[in-house]
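# Fold and geometry: a report
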Amino acid sequence: EGPPHKDHDQLSGSLDQDLQLILDTTQNPSDLIVRELLLQSGDGLQIRAAVLYIDGLAEKDIVHQCVILPLMQIAPGAQVTLSYIEKFVITASGIKRVGTLGESITGLLYSNTLVLLDGVAETLLITSEGWEHRFVTNPTSEPIIRGPQDAFNEVLRTNTALLRRKIKDPKL
């Protein structure tokens, strides 16, 4: 286990280091989806990028249609920068730039999608919320008199999404 990281730590700009920092801080949960991409820049270089979101909190169709697909279809000759991606590539309505680990992880926990570029010490938080609309309900088959009256009846991913909506903790 590495040194403790604080929420206000700046991102390094190294894709590998920043991804590892996010994975370490969130304890590499099974519902954190990391999609690494190679983007073609106008000068012929390939730029490494990553798209991160939490399965069950972010809407997969929004992530695919408004983030991943547009990134894969960047026009040849375009100078690929975070500003260019923010202004001309991403088609989602809500985009915010952040530069700290805490803001990035909080964004993930609030159903946003994260876009990281290698060599850039900032990320884009893209609005992509869209979870299954079912709330924790009272148990029907095993009622209890005292204690919490919450029941989980769905598949595991839906249940973890329900918990993450209530408890916004990166260690969950």
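Residues numbered from 1 in each chain as written. Predicted model: local features only at pLDDT ≥ 70, side-chain atom pairs only at ≥ 80, totals over all residues. Heavy atoms only, no water.

## Comments concerning helix α3 (residues 82–89)
Note the following rule: Note on classification: 1.4 Å probe, protein chains only; a residue is buried when its accessible area is under 20% of the maximum for its type, exposed when over 50%, partly exposed between these limits. Secondary structure elements are defined from DSSP: runs of H or I of at least 4 residues count as helices, runs of E of at least 2 residues count as strands, and each element is numbered from the N terminus. Arc, as used here, means the arc of the directions from the helix axis to the C-beta atoms. Note on contacts: a residue pair is in contact if any heavy atoms of the two residues lie within 4.5 Å.
Taken residue by residue, α3 has L82, I85 and V89 as its buried positions. Buried positions in α3, seen along its axis, are confined to an arc of 90° and lie on one side of it. In α3, the exposed residues that point more than 90 degrees away from the buried face are K87 and F88. Residues of α3 that are buried sit in contact with β1 (32–40), α2 (60–72), β3 (95–98), β4 (112–117) and β5 (123–127).

## Section: the pattern of salt bridges
Where charged atoms of side chains with opposite charge meet at close range, the side chains can pair. Filter applied, for reference: Salt bridges, as used here, are contacts in which a Lys or Arg side-chain nitrogen is within 4 Å of a carboxyl oxygen on Asp or Glu.
Under the counting rule described, the total for this entry stands at 6 salt bridges. Across the salt bridge formed by K60 and D55, the nearest N and O atoms sit 3.5 Å from each other. Take D55: its relative accessible area is 13%, and that puts it in the buried class. E86 serves as the salt-bridge partner of R97, at 3.4 Å between the closest nitrogen and oxygen.

## Considerations on the sheet that holds β3
Our working definition: A pair of strands is labelled paired if DSSP reports no fewer than 2 bridges between them. Only the stretch in contact is used when a helix axis is fitted, and all axes are lines through C-alpha atoms; the angle between N-to-C directions ranges over 0 to 180 degrees.
Read from one edge of the open sheet, 5 strands run β1-β2-β4-β5-β3, paired in antiparallel fashion. Of all strands in the sheet, those with a lone pairing partner are β1 and β3, marking the two edges. Recorded for the sheet is a direction-independent mean angle of 25° between the axes of neighbouring strands. In the sheet, β4 pairs with β5 via 5 bridges, with the strands oriented antiparallel.

## Here we look at the environment of Q17
So the rule is basically this: In the analysis that follows, any N or O atom pair within 3.5 Å is treated as a polar contact, provided that within protein one partner can donate a hydrogen and the other can accept it, and provided that, for residues neighboring in sequence, both atoms belong to side chains.
Topologically, Q17 is positioned in helix α1 (residues 15–25). Considered as a pair, Q17 and D118 are 101 residues apart in the sequence and their alpha carbons are 9.7 Å apart. Engagement of the side chain of Q17 in a polar contact is seen with the side chain of S12, the distance being 3.3 Å.

## Thoughts on the confidence of the model for the protein
Any segment with low pLDDT has predicted coordinates that should not be analysed in fine detail. We apply this condition: The score called pLDDT rates the predictor's confidence residue by residue, from a low of 0 to a high of 100.
Counting all residues, the mean pLDDT for the protein is 84, and 79% of those residues have values of 70 or more. At the level of individual helices and strands, the protein shows its lowest average pLDDT in helix α5 (residues 156–166), which scores 71, and its highest in β4, which scores 97. Note that residues 1–5 has pLDDT below 50 and, in this model, 3 contacts with residues that lie over four places away or in other chains.

## A few points about unusual backbone geometry
It is generally the case that most residues other than glycine have a negative phi and that most peptide bonds are trans. A positive phi angle, close to 45°, is found at N28, a residue other than glycine. Along the chain, N28 falls in the loop between α1 and β1. Here the phi dihedral of S111 falls at roughly 75°; this positive angle occurs in a residue that is not glycine. You can see S111 is positioned in the loop between α4 (101–109) and β4.

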